[in-house]
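# Secondary and tertiary structure notes
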Amino acid sequence: MKTVSENRCFGGVQGVYTHASEATGCEMTFGLFLPPAAETGPVPLLWYLSGLTCTHENAMVKAGAQAHAARRGLALVFPDTSPRGEGVPDDEAYNLGQGAGFYVNATKPPWTSHFRMWDYIAEDLPRVLFNNFPLDEERQAMSGHSMGGHGALTLALHHPGRFASVSAFAPISHPSTSDWALKALHAYLGEDAEALARHDSTLLLRARGCEAPILVDQGTADPFLEALMPQALAAAMADRRQPGAFRMQAGYDHSYFFVATFMADHIAFHAEALGLS
């Protein structure tokens, strides 16, 4: 692991680091915020998975999360959204290839050699984090935006007991029936219905429920509403009587202005689930 930068931030440290990833077969970059409380012992960790076209940097500099996390004694990790670099496949479309890993393990060429973002987030990056930083592995929570909201929900649903809570901002909620999302999923996974269902939070929630409480915020002025299909996830939460809340926020769009507006609520939601004051 290499340190790219470390900056004092709200009494803690905002760092950027790189490491050789076994899962993706290339060098990966992540941001990690450690609150002041990390100076005296391990602290809980909130994952934040970003959306299409993003790197580790977007949420790190735009979401306004560090101030809220510092007050709660909560660490934040901002992974990249895909493998990158020479020899890593790409596509001209913004929703496929580099910057668009969709948090799946690709099973179709040319993506299979590097696009294993599921294993990267579930196994590879956790090893790096918990072996190198003062983080409490038993106290984790998960969040994400758009494609990252999709990843946050599906990862939490497949790993019951790992995350105390899960939240999402405008997640891709029902990708197995969204023509827009299916372009990437078909490229990575093929057209096998079972493979697609494993990465559809609406179907997963209906099938198995979620042990952790869920908080979802969705803007009513989001230009991607038709593709995101939030109504499907909201209905699944209601039918399962899922603990948590699905909130439609009047007039908000898909941008980081929307994310930053409700970030304090999401940090508080996770802090409560993690037993932080």
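Please refer to the structure placed before this passage.
Being a predicted model, the structure only gives us computed values, none of them experimental. As a convention, each chain's residues are numbered from 1 in the sequence order in which they are written. With the structure being a predicted model, the display of local features is reserved for residues of pLDDT at least 70 and the display and counting of side-chain atom pairs for 80 or more, all residues being used for whole-chain, interface and lining totals. Side-chain measures here rest on the full set of heavy atoms in the structure, leaving out hydrogens and waters.

Within the protein, the regular secondary structure consists of 10 helices and 9 strands. Radius of gyration: C-alpha atoms only; globule rule: 2.2 Å multiplied by the number of residues to the exponent 0.38. Here the protein has a C-alpha radius of gyration of 17 Å; the compact-globule value for 277 residues is 19 Å, and the two agree. Once the C-alpha set of the protein is aligned to its principal axes, its extents read approximately 50 × 45 × 35 Å. Relative accessible area decides the class of each residue, using a 1.4 Å probe on protein chains only: under 20% of the type maximum gives buried, over 50% gives exposed, and in between gives partly exposed. For the protein, the residues scored as buried account for 61% of the 277 residues in total. Restricting to contacts in the protein with at least 6 residues of sequence separation, those with at least 24 account for 72%. With 18 positive and 29 negative side-chain charges, the protein shows a separation of 5 Å between the mean positions of the two kinds. Each helix is a run of DSSP H or I of at least 4 residues and each strand a run of E of at least 2, with the numbering of both proceeding from the N terminus. In what follows, residue pairs with any heavy atoms lying within 4.5 Å of each other are defined as contacts. None of His or the chain ends enter the tally, which takes Lys and Arg as positive and Asp and Glu as negative. By convention, the charge on Lys lies at NZ, on Arg at CZ, on Asp at CG and on Glu at CD.

With that out of the way, let us pick up the pairing of strand β3 (residues 27-34). Here β3 lies mainly inside the structure; 7 of its 8 residues are buried. DSSP-based pairing: two strands are paired if at least 2 bridges between them are found. Of the pairings in the sheet, the one linking strand β2 (residues 12-20) to β3 comprises 8 bridges and is antiparallel in character. Within the sheet, the bridge partner assigned to V13 lies in β3 and is L34. Linking β2 back to β3 in an antiparallel pair, the connection comprises 6 residues, with G25 at a positive phi of about 70°. Inspection of the sheet shows β3 paired to strand β5 (residues 75-79) by 4 bridges, in the antiparallel sense. Within β5, the residue paired with F30 across the bridge is P79.

Direction vectors running N to C along helix α7 (residues 201-208) and helix α9 (residues 230-240) enclose 10°, while the axes themselves pass 9 Å from each other. Overall, the two elements α7 and α9 adopt an arrangement that is roughly parallel. On α9, the residues touching S201, T202, L205, R206, A207 and R208 of α7 are A232, L233, A235, A236, M237, D239 and R240. Side-chain classes follow a simple rule in which Ala, Val, Leu, Ile, Met, Phe, Trp, Tyr, Cys and Pro form the nonpolar group, Asp, Glu, Lys and Arg form the charged group, and the remainder, Gly included, forms the polar group. Looking at the contact of α7 with α9 residue by residue, the class counts come to 7 nonpolar, 2 polar and 4 charged. Simply put, an axis is a line fit to the C-alpha atoms, just over the touching stretch for a helix, and the angle between two N-to-C directions goes from 0 to 180 degrees. Any angle that falls under 35 degrees is termed roughly parallel, while one over 145 is termed roughly antiparallel, one within 65 to 115 roughly perpendicular, and all others oblique.

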